Amino acid sequence: MKKNCAVIGYGGQGSWHTRQILASDVVALSGIYDIDPNKSRLAEKNGIHAYKNVKELLADSSVDTVVIAVPNDCHKELVIKALEAGKNVICEKPVEMSVAALDEMLAAAHESGKLFTVHQNRRWDVDFLAMKQVVQSGEIGELINIESRVHGSRGIPSDWRCHKPYGGGMILDWGVHLIDQILQIIKEKIVGVYCTITHITTDEVDDGFSLSLYFESGKTAYIEVGTYNFLSMPRFYLQCKNGSAKIENWQEKAQVARLKAWNEKDVLPVQTAAGITKTMAPRDEITLDTYEIEKPLSDVHDFYRNFCAAVDGKDESAVKHEEVRRVMQVMEAAFASADHQQRLEVSI
């Protein structure tokens, strides 16, 4: 039997959730609530029940699960209310704006005995899954460094995302995804964090950032988000001990170069504008295999399938509390590093 879900917030992400729930094989939509009456009317126009207020929604005994899809500063209050009302809860990311606020939510979840998780939906992105597959397969050796970038050219959307009190800015908006992805690939302690942020289109929040993570084994990760880039760099670039891999953009397959032999007998120099170089000469098929890997299969509905299985005690939650908390710790460290303009030594 499907579990009944109600969605709080009928904006961009809230309406996305309603579409996913309506198409799901494991959850059914009970209705939505939005503080904006126009959005409630739009939902009803779309054939979706609109609750009059949060109290009415939480009092509906038929609702098993509440999805929270509102601005970031409202998450904690609504999550705790829903848990106290005996509902399982899915919260949009970032779950909150501080570790301390998250800890209050986790305590409420423990007290309620209900399932609480965060919608880290980009764990199902095929570009991320392809990079994870290359690293975990070991086909090009042990990881040295991974670079993850998202570039846009339109600035921050002119809504709550560009205002600091509501939890706007790119570290909280996109950083939460890219950090989570990296920590799914490199499961090691972070010992150093260095972050710089940009204010090209707004002074109130970060409209871009560059974040370097240093791991205990010596592995490194570089995460970059920009909203004023009119030519984008590769979505992913991976360096391993026996090769490299990259993904140009969301739609492209992963390109892999695997080293067969280190030395070449006759390296042809490359003519540059001001001289020749052997050091930067490209390799050929004698020492290098190049190939593409097919996009991994992925289904975003698996998030809800896993959630329902976890509610029933048949599976572990795919997005665990300790993982959510660790991402929040990294984001806090990133803000602190940017404020102090220096690398921070951490143990995360």
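Up top is the structure.
Every chain is numbered on its own, with residues counted from 1 as its sequence reads. In view of the model being predicted, local features appear only for residues whose pLDDT reaches at least 70, and side-chain atom pairs are presented and counted only at 80 or more, with totals across whole chains, interfaces and linings using the full set of residues. Think of the side-chain values as coming from all heavy atoms in the structure, minus any hydrogens and water.

Concerning the overall build of the protein
- Secondary structure elements follow DSSP: runs of H or I of four or more residues count as helices, runs of E of two or more count as strands, with numbering from the N terminus. Scanning the protein from N- to C-terminus turns up nine helices and 16 strands.
- Based on C-alpha atoms, the radius of gyration is set beside the globule rule, defined as 2.2 Å times the residue count to the power 0.38. In summary, the protein has a C-alpha radius of gyration of 23 Å against a globular reference of 20 Å for 348 residues, a match within 12%.
- Considering only C-alpha atoms, the protein reaches an extent of 75 × 45 × 40 Å along its principal axes.
- Whether two residues are in contact is decided by their heavy atoms, any of which lying within 4.5 Å being enough. Counting only contacts in the protein whose residues sit at least 6 apart along the sequence, the fraction spanning at least 24 positions is 68%.
- Looking at the protein as shown, the accessible area adds up to about 17200 Å², and 50% of this sits on carbon and sulfur atoms.
- Each charge class in the protein was averaged separately, 39 positive and 49 negative side chains, and the resulting centres sit 2 Å apart. Values of accessible area rely on a 1.4 Å probe in the Shrake-Rupley scheme; residue burial ignores everything except the protein chains shown. As used throughout, the charge tally considers Lys and Arg to be positive and Asp and Glu to be negative, leaving His and the chain termini uncounted. Lys charges are placed at NZ, Arg charges at CZ, Asp charges at CG and Glu charges at CD.

Some remarks on the sheet that holds strand β8 (residues 208-215)
- By definition, two strands form a pair when at least two bridges between them are found by DSSP. Read from one edge of the open sheet, nine strands run β15-β12-β11-β10-β6-β9-β8-β7-β16, paired in mixed fashion. Each edge of the open sheet carries a strand with a single partner, namely β15 (288-293) and β16 (344-345).
- With six bridges connecting them, strand β12 (residues 254-259) and β15 associate as antiparallel partners. Counted as the bridge partner of Arg258 is Asp289 from β15.

A few points about the packing of helix α6 (residues 126-137) against helix α7 (residues 170-185)
- At a minimum axis distance of 10 Å, the contact between α6 and α7 shows a crossing angle of 20 degrees. By the criterion of interaxial angle, the relationship of α6 to α7 is roughly parallel. In this structure, α6 meets α7 at a crossing whose hand is right-handed. For the pair formed by α6 and α7, the contact residues are Phe128, Met131, Lys132, Val135 and Gln136 on the first element and Gln181, Gln184 and Ile185 on the second.
- Each residue gets one of three labels, nonpolar for Ala, Val, Leu, Ile, Met, Phe, Trp, Tyr, Cys and Pro, charged for Asp, Glu, Lys and Arg, and polar for the others, Gly among them. Class assignment of the residues belonging to the contact of α6 with α7 gives a composition of four nonpolar, three polar and one charged. Here the axes come from fitting lines to C-alpha atoms, over the contacting stretch only for helices, and the angles between their N-to-C directions go from 0 to 180 degrees. With respect to orientation, any angle under 35 degrees is reported as roughly parallel, any angle over 145 as roughly antiparallel, any angle of 65 to 115 as roughly perpendicular, and every other angle as oblique. Crossings are sorted by hand: turned counterclockwise from the far helix by less than a right angle, the near helix makes the crossing left-handed, and turned clockwise it makes it right-handed.

Section: the nonpolar core
- In this structure, Phe116, Leu211, Leu213 and Leu238 are the most contacted members of the largest nonpolar core, which totals 98 residues.
- It is α7 that provides the largest number of residues to this core, a total of 10 residues.
- Residues contacting Phe116, with those up to four places away along its chain left out, are Val79, Leu83, Val89, Cys91, Val95, Met105, Leu106, Ala109 and His321. Within this scheme, the nonpolar core is defined by two criteria: the residues are buried Ala, Val, Leu, Ile, Met, Phe, Trp, Tyr or Cys, and they are joined through side-chain atoms within 4.5 Å. The buried label goes to any residue with under 20% of its type's maximum accessible area, the exposed label to any with over 50%, and the partly exposed label to all in between, with areas taken from a 1.4 Å probe on protein chains only.

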